[in-house]
Structures are given as structure tokens and as C-alpha cells.
Amino acid sequence: MLKDITLGQYFPMDSVVHRMDARYKIIITMVFLVMLFWGQHLTSLLAGLLFVAVAMICSKIPPKMLLKSIKPIVPVLVITGVLNLFLLSGGKVLWEWKFIKLTEQGVQTSVFMLVRICLLIAGTSLLTYTTSPIVLTDAIESLLSPLKKLKMPVHELAMMMTIALRFIPTLIEETDKIMAAQKARGADMESGSLIQRAQALVPILIPLFVSAFRRAEELALAMECRCYHGGEGRTRLRQLKSGLRDYVALGLTLLLFAAVITLNTVLH
Amino acid sequence: MPILEAKDLTYTYSIGSPFEKTAVDHINLQIEQGEFVGIIGHTGSGKSTLMQMMNGLLKPTSGTVLLDGKDIWEKGADRRAVRFQVGLVFQYPEYQLFEETVYKDIAFGPKNMGLDEKEIDRRVRETAEAVGLREELLEKAPYALSGGQKRRVAIAGVMAMEPRVLILDEPTAGLDPKGRTKILSQLREYHKRTGCTVMLVSHSMEDVAKYVSKLLVLSHAKVVCYDTPANVFARGDELEQMGLALPQITRVFRLLRERGITFPEEVYTVPFGAELLRAKLEGRAPQC
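Residues take numbers from 1 onward in each chain, read along the sequence in its written order. Key to labels: chains lettered from A, ligands numbered from 1, both in the order written. Local features in a predicted model are, by the rule used here, given only for residues with pLDDT of at least 70; side-chain atom pairs are given and counted only at 80 or more, and totals for whole chains, interfaces and linings are based on all residues. No hydrogens and no water enter the side-chain calculation; it runs on all heavy atoms of the structure.

Participant: What am I meant to see in the confidence of the model for chain B here?
Facilitator: Interpretation of the predicted coordinates at a detailed level should be avoided for regions scoring low in pLDDT. pLDDT is a per-residue confidence score from the predictor, ranging from 0 to 100. Mean pLDDT over chain B: 89, with 100% of residues reaching 70 or higher. For this predicted complex, the interface confidence score (ipTM) comes to 0.85, while the overall pTM stands at 0.73.

So, in C-alpha cells, the structure goes:
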């Protein structure tokens, strides 16, 4: 059902990673991403693998969940893999048939690419698995706050994101309900030609839009009733607090990154 | 043979995630043809989930739903046809209205059934009348109506399919007392006139007590009892322990009994209670 698609896919648990400061988690994830794509050497992949493994164990997220996060991009993986495999040429030719050539470099690049993408998804998924979307936007706002000096409406953007995220589950639930209600009246959404199926969406989309507008209006009114006026001088219910574990985690990640850089320069 | 039957019915939401929850837990139930069944239970007791399984919108995690003795999830069974026979009116059904006019919206269900224009027209007009919508409202846009009117349009939309079993999930939620009695008495009329089976979900004893012939009490995903209102209310203490308030009139008579004034039967409608009292005062036998 639609309910199973949870954007942000937060997986509530009690672990060190869940309790970490979200700002640090974002910075660490960014360091991890740069590290993953640093140089052409195996070390960056191994380091990435190590990072994901340690982060997974610390966050108590079951490995099954990480595999599930990779599943939707399998088609992308297959296409990239195949393209890299056959289009890149260089090094020894391993296998040849008519105009199709399989070269050493092609194989190497394609394997690298696949592992990289998998680690990329797994690593970033760990961030969203361990951080609720609302906290995540808070952290993004906090990280972007220097831009306020440049007159960027950081708080407003973050607020919009928070509201959007907050309402995704609500709207999904609503879609589910409306779909069920129309199905109960015999709406047929699974068969028929493409045009018929598009037409079958009308009884779902119209009530959904109407309710989204209604909700937006109600929310705006409720916010105004509480004298909401934007970011200036506003305090927060959930303060982001950093502590020893955040420094240690960032330190270790940077150390790992430094090791990757060194090994890359030494080995080349 | 019961028209609708649940056998060992179970439904679990989000299996395998931390949000896993069993909403319906091994429920067995038989609904006879022509019955007016009230279903009560707390929020989260599994009422809505159970109702959605009854017309094949939700696939049971385990167990079966039988319509006329046939499993609706059997291979090759036509679930769409099941939904035309077991009509379900959702909670706050006015949010599903989408057509330009009230007429077209009520006609949506019958049209999906593939009926011809004339039959559709007859059904739209009949059901609109049954729920008390005036003729001139039919050509109006649904969004221009009041909340109570929209609700009645939505109910008419399901009634127009002329289902053999009509299930209504809290049809009076959020309406004022007047709108509430209006819809409920229209429902009773409809039940009397068509003789179809009606299932009315509610969390208010007050609402259902007056109208139903059988009461199904759900608590924590299980059936507590399924019996006539009199027999159900006889177990009043049990119900109150579950946090389900008895109808006010029943509570009054229980308090009278505690003070030593006894009556032969459990009372759950005001007219009946009034007659009992009057008879007692006049020292005669109650006439009903």
C-alpha cells in the first residue's frame, strides 16, 4: 500500500547515532561522500565500506533495511554497470565478440562505480534512517544560517520544507482513504487503456487537491492566530546540542578521510 | 445462510516494521440478511479495518470473508462486484465528492456498475429523496452545499448502487444533534423500505441503541459480544469498564434499580423508559 512508502524513511530506535546532533551527522555524511569519490584507488572504497559498516552497527539499523534502500535503484545500477562495462576501453582486452569489447579498465570502472553508488545510497540512507525529517530540516537551517547575512530567507525555506515534510504522510494517508472510498464506489484503477487510467485519477486528484488547499488555509490561519511572524528572535522547542560523541564521530571520519588522501598520494 | 460472514479474520498493519499493529484479531462473525447491526468500540478497536475487509478493500492477513458463503478473495472472484453488493460509506465521506454536480456525483457508483441512463436516473432521484436532498440541489456543485448536505450526498452515492449490505462508518461524526438524528432516522427508513442489511459503525451507544437490532462490541481488535441491544446492555458494568459509556437513559434506570426501584427489562430508549415509568406510577402493566 501507499502507506509503506515513507519519505525520509525514519526508523526510530535508541542508538548512539540516533542521539547524535543532526548537524554533525550531515557534515559527516558530506565528508563521507567526498571521501567515497576521492581518487581512483581501492582505498576510498574500502574506507567507505568501513564507514558504512561501523555506522550501521552503531545505529542498530538492520542490514535488511539498507538492502531495501538500495533496491529501488537496481535498474540504475544495471544500466550504469553495463554502459561502463562496454563503452570504456583501455588496458587488456578480456573478451571480444564482433564490435563488442570487454576491457580490463571497463570491468574495473564498472565494478568501482557499482560499489560506489551502493555505498552512496547506503550511507545517505543511514542519515535519513536515524534522523527524523523535522530534525533534519532544523539542522539544515542551522547549517545554512550564515547565509542569512546575505539576505537569504533561510528560516522561511526551512519552515516550508518542514511543513511539506510534515504533510507528506498526512496527504499519503488521505490519498489512501480517497482511493479506498472511490474503489468502494466501483472506481476501477487497475485496468483499461492509458487514457482510461488517467481519467480514473480524476476522482482521486480533485478531492485530494481540495483537501490540500483546505489544510493549507487552516494551517496558515492557525499560525497567524499564534502570531507567527518568521524567524526573527524565535526560540526552538528542540535545541540542537552537540556533545562529545559528535566530536569523536567527526574526528574519526576526518581521520579516515585523511588516511584515504595520504594512501592515494603515496600509492600513485 | 448468513449473508456476510467473517472466519478467523485477522489484519496486521505494517508487518515487520516497528509500527506493526494488529487491528483485527481472529474475529468470527455472522451477519444475517435484513439485520440492522450496530458496531461499537473505542477509537482504534478495529472497527474501520474490519469494515474495509468486509467489502474486499483490505486483504485480510489471515482468515476469510464470505459473501453468500463464497470467499471474496477466492481465485478469480470479482472483487469489484463484491463492492457493489457490499456498499461502504467511509468516515467523513464528503471529502470524496469530486464531480461538478451533485447529480453526477451520486451517479458515479451506478455508472461504474454499467447501468443504463434511465436506471441511473431513477436511482439518483430515489436515493436523493431517501436522504432528504431537494430536487433543485441535484444540479448544484457539491462544494456549494453545507457540511450536512455534503454528507448526505456522499451517503446517497453509495446507496445508489443499491447494495445488499450497506456499511456506514460513523456517518454522523462531526454533525450537530439535529443532523445526527436526521441521518439516523433516514437510515432506519431506508432499512425498513428496502429490507437490506445495514451495518452502522459508531462509538456512541446513544446513537445506535435506538436503531439497531443487533449490537457488535469490539475492544482491542477482538469481539466482546454480538447480541441484541438488550442482552448487550445487560452487561453494562463490563462495557463501562471498557470505557464505553452506556446510553444515558440506561444509566438512569440502573441508578433507579440501585435505589430499589426495579424494572423487568433493560431500558435503552427514551420512549420505552418513559412508558415503563408512567405505567409504574399509574400502577398498571406497560403497553409495548
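After that view of the structure, there is still more to cover.
Participant: When you look at the interface of chain B and chain A in this model, what are you seeing that I'm missing?
Facilitator: Interfaces are often sized by the amount of accessible area the parts lose when they come together. Contact residues are listed per partner, giving 23 residues for chain B and 19 residues for chain A. In this description, buried area is defined as the sum, over both parts, of the accessible area (probe of 1.4 Å) that is lost when the two are combined. Three residues, Tyr95, Gln96 and Phe98 of chain B, lead the burial of chain B against chain A; their summed loss comes to 28% of the area buried on that side. Salt bridges are defined by distance alone: a side-chain nitrogen of Lys or Arg within 4 Å of a carboxyl oxygen of Asp or Glu. Counting across the interface, chain B meets chain A through one salt bridge. For the salt bridge of arginine 185 of chain A with aspartate 105 of chain B, the shortest nitrogen-to-oxygen distance reads 3.0 Å. Each polar contact in these results corresponds to two N or O atoms within 3.5 Å; when the atoms are within protein, one needs to be able to donate a hydrogen and the other to accept it, and residues that are neighboring in sequence are counted only if both atoms are side-chain atoms. Inspection of the chain B/chain A interface yields four residue pairs in polar contact (both at pLDDT 80 or more). Elements are defined by DSSP. Helices are runs of H or I of four residues or more, strands are runs of E of two residues or more, and each kind is numbered from the N terminus. Elements supplying a minimum of two residues to the side of chain B that touches chain A: α2 (79-85), α3 (102-112) and α5 (147-159) of chain B. If one sorts the elements of the side of chain B that touches chain A by residue count, α3 of chain B sits on top with four residues. By the convention adopted, Pro, Cys, Tyr, Trp, Phe, Met, Ile, Leu, Val and Ala count as nonpolar, Lys, Arg, Asp and Glu as charged, and the other residues, Gly among them, as polar. Across the side of chain B that touches chain A, the residue classes break down as 14 nonpolar, six polar and three charged. What makes two residues a contact is simply this: any of their non-hydrogen atoms within 4.5 Å.

Participant: Please clarify how the pattern of salt bridges should be interpreted in this entry.
Facilitator: Residue and element names in this part refer to chain B. Taken as a whole and assessed by the stated rule, the structure comprises 23 salt bridges over all chains. The shortest N-O distance in the salt bridge between glutamate 119 and arginine 123 comes to 2.9 Å. Taken together, the positions of glutamate 119 and arginine 123, both in helix α4 (residues 117-130) and four residues apart, correspond to about one turn of that helix. You can call glutamate 119 partly exposed: its relative accessible area is 23%. Only protein chains enter the area calculation, which uses a 1.4 Å probe; residues under 20% of their type maximum are buried, those over 50% are exposed, and those in between are partly exposed.

Participant: Sorry, what's going on with the environment of alanine 180 of chain A here?
Facilitator: Counting through the fold element by element, alanine 180 of chain A comes out in helix α8 (residues 154-184). Residue classification places alanine 180 of chain A among the buried residues on the basis of a relative accessible area of 12%. With 24 residues separating them along the chain, alanine 180 of chain A and isoleucine 204 of chain A place their C-alpha atoms 9.6 Å apart. Leaving out residues up to four positions away in the same chain, alanine 180 of chain A has contacts with Gln52, Leu57 and Phe90 of chain B.

Participant: What should I look at first to understand unusual backbone geometry in this one?
Facilitator: Among all residues save glycine, negative phi is the norm, and among peptide bonds the norm is trans. Residue and element names in this part refer to chain B. For serine 14, which is not glycine, the phi torsion reads 45° and is therefore positive. In this structure, serine 14 sits in the loop between β1 (4-13) and β2 (21-31). Judged by relative accessible area, serine 14 falls into the partly exposed class, the value being 30%. Positive phi, close to 70°, is recorded for alanine 221, a residue that is not glycine. The class of alanine 221 is buried, set by a relative accessible area of 5%.

Participant: What's the story with a nonpolar patch on the surface in this structure? I'm lost.
Facilitator: Residue and element names in this part refer to chain A. Grouping into patches uses exposed residues only, defined as over 30% relative accessible area, and leaves out salt-bridged ones; the cut-off is 9 Å for like charges and 5 Å for nonpolar side chains (Val, Leu, Ile, Met, Phe, Trp, Tyr). Only the protein chains shown count as cover for residues, and all accessible areas are computed by the Shrake-Rupley method using a 1.4 Å probe. Together, Val74, Val78, Ile79, Val82, Leu83, Phe86, Leu87, Leu94, Trp95 and Trp97 make up an exposed nonpolar region whose accessible area comes to about 990 Å². Those elements that provide at least two residues to the nonpolar patch are α5 (74-87) and β1 (93-97). Tallying contributions element by element places α5 first for the nonpolar patch, with seven residues. Mapped onto the elements of the fold, leucine 87 is located in helix α5. Residue leucine 87 is classed as exposed on the basis of its relative accessible area, which comes to 64%.

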